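Working through the structure, step by step
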Amino acid sequence: MEIPENVYYIGDNAFEGNTNIQTVMVTNNVKYIGNKAFYNCTGLKALGGFSDVSFVGAFALDGTPYLKGLTGEFVNLNGVLIKYNGTSSSVSIPSEIKSIAPYVFYNNKTITNVSFSSETFDIGEGAFYGCTSLQYVTIPKSVTSIGANAFKDTPWLTSKTGQVVVGNGILIAYNGNEETVSVKSSVKRIAPYAFFENTSIKVVDMQSSVNMVGL
């Protein structure tokens, strides 16, 4: 199958469950591959032309022979980490990885610490969700975007109190019970779900430094 030149975005579930496709070729125009775009395409063995892709959604290629056949510790598609095959408790994200796709490390019980290179700018939704051994995380200032629940249910996050600010001024969680919260002046972005299900807060005072509030 050839994706035509006027396609820039492959949406969520676009080809999910298609058992006929064996090869997919795209033009350099495609920048985005949505969640489960090729999920369970059990005949898909080859991809080509994805040289300009900058975002790969959750489980986009899971259940395909193509993904199962990729080896190496860090499997990436044009700089987007889409699969981790390693078994080490200590993970250092290499410099060729610019972005972590959603849920890549989901429920990994082995990892105890993770560090990112200064080339990484995006950590996807739920990337380390449920990593119940993860206690140490180093996030550089190069990271400008962190998705919802990226570190949910990790000891690293649950051990922190108050406002958890990481990377380039990203508030990823609030672990407190105050009725009035004044967002720190260092915060530039509030990640999705940062205050989710907090029943104590009545007033939030945001500084002028905040330029984005997550959905």
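Structure first, text after, so check above.
What counts as what
- Residues numbered from 1 in each chain as written.
- Predicted model: local features only at pLDDT ≥ 70, side-chain atom pairs only at ≥ 80, totals over all residues.
- Heavy atoms only, no water.
- Pairing = 2+ DSSP bridges.
- Helix = DSSP H or I, 4+ residues; strand = E, 2+ residues; numbered from the N terminus.
- Axes fitted to C-alpha atoms, helices over the stretch in contact; angles between N-to-C directions.
- Contact = heavy atoms within 4.5 Å.
- 1 Å grid on protein atoms, 1.4 Å probe; cavity = no way out; pocket = protein on both sides within 12 Å on 5 of 7 lines; lining within 4 Å.
- Points joined across faces, edges and corners; volume = space filled by probe spheres on them.
- Nonpolar A, V, L, I, M, F, W, Y, C, P; charged D, E, K, R; others polar.
- Phe/Tyr/Trp six-rings, centres within 6.5 Å; stacked < 30°, edge-to-face > 60°.
- Lys NZ or Arg CZ within 6 Å of the ring centre and 35° of its normal.
- Core = buried A, V, L, I, M, F, W, Y, C linked by side-chain atoms within 4.5 Å.
- Buried < 20%, exposed > 50% of the residue type's maximum accessible area, 1.4 Å probe, protein only.

Okay, the sheet that holds strand E12 (residues 136-138) next. Across the sheet, which stays open at both edges, the three strands sit in the order E8-E10-E12 with parallel pairing between neighbours. Bordering the open sheet on either side are strand E8 (90-92) and E12, each of which pairs with just one other strand. Pairwise comparison of adjacent strand axes, ignoring direction, gives a mean angle of 5 degrees for this sheet.

Moving on: the environment of asparagine 40. Along the chain, the position of asparagine 40 falls in the loop between strand E3 (32-33) and strand E4 (46-48). Filtering out sequence-adjacent residues up to four positions away, asparagine 40 remains in contact with Gly17, Asn18, Asp62 and Gly63.

Quantified by volume, the largest pocket comes out at close to 380 Å³. In terms of lining residues, the largest pocket is bounded by 21 residues, among which Lys152, Leu157, Ala173, Asn175 and Tyr193 are the most central. Secondary structure elements with two or more residues in the lining of the largest pocket: helix H2 (155-158) and strand E15 (170-175). Ranked by the residues each element gives to the lining of the largest pocket, the list is headed by E15, at four residues. Class assignment of the residues belonging to the lining of the largest pocket gives a composition of 13 nonpolar, five polar and three charged. A volume near 300 Å³ is recorded for the second largest pocket.

The strand order across the open sheet formed by five strands is E6-E7-E9-E11-E13, and the pairing between neighbours is mixed. The open sheet is flanked by strand E6 (74-77) and strand E13 (145-146), the only strands paired with a single partner. For strand E9 (residues 99-100) and strand E11 (residues 122-123), the ladder comprises two bridges, and the chain directions are parallel. Bridged to isoleucine 100 within E11 is isoleucine 123.

This next bit is on the environment of threonine 87. Relative to the assigned elements, threonine 87 resides in the loop between strand E7 (80-84) and E8. On a C-alpha basis, the gap between threonine 87 and isoleucine 123 in space is 20 Å, while along the polypeptide they are 36 residues apart.

A few words on the packing of aromatic side chains. Evaluation of the coordinates by the stated rule reveals 14 aromatic pairs. Between phenylalanine 59 and tyrosine 103, the ring centres sit 5.6 Å apart and the planes meet at 20 degrees, which makes this aromatic pair stacked. You can see phenylalanine 59 sitting in the loop between strand E5 (55-56) and helix H1 (65-68) and its partner tyrosine 103 sitting in the loop between E9 and strand E10 (113-115), a full 44 residues away along the chain. The structure contains a cluster of three or more aromatic residues connected by ring pairs, namely Phe74, Tyr84, Phe105, Phe116, Phe128, Phe151 and Trp156. The ring centre of tyrosine 39 lies 4.6 Å from the NZ or CZ of lysine 36, which sits over that ring.

Counting residues in hydrophobic clusters, the biggest one holds 56 residues, and the most contacted among them are Phe105, Ile123, Phe151 and Ile172. Elements with a minimum of two residues in this core: H1, E6, E7, H2, strand E14 (162-166) and E15. The dominant element in this core, judged by the number of residues it contributes, is E7, at four residues.

Our next topic: the environment of isoleucine 21. Counting through the fold element by element, isoleucine 21 comes out in the loop between strand E1 (9-10) and strand E2 (23-25). Sequence separation between isoleucine 21 and phenylalanine 74 is 53 residues, and the spatial gap between their C-alpha atoms is 25 Å. Excluding its chain neighbours within four sequence positions, the residues that come into contact with isoleucine 21 are Met1, Phe15, Gly43 and Leu44.

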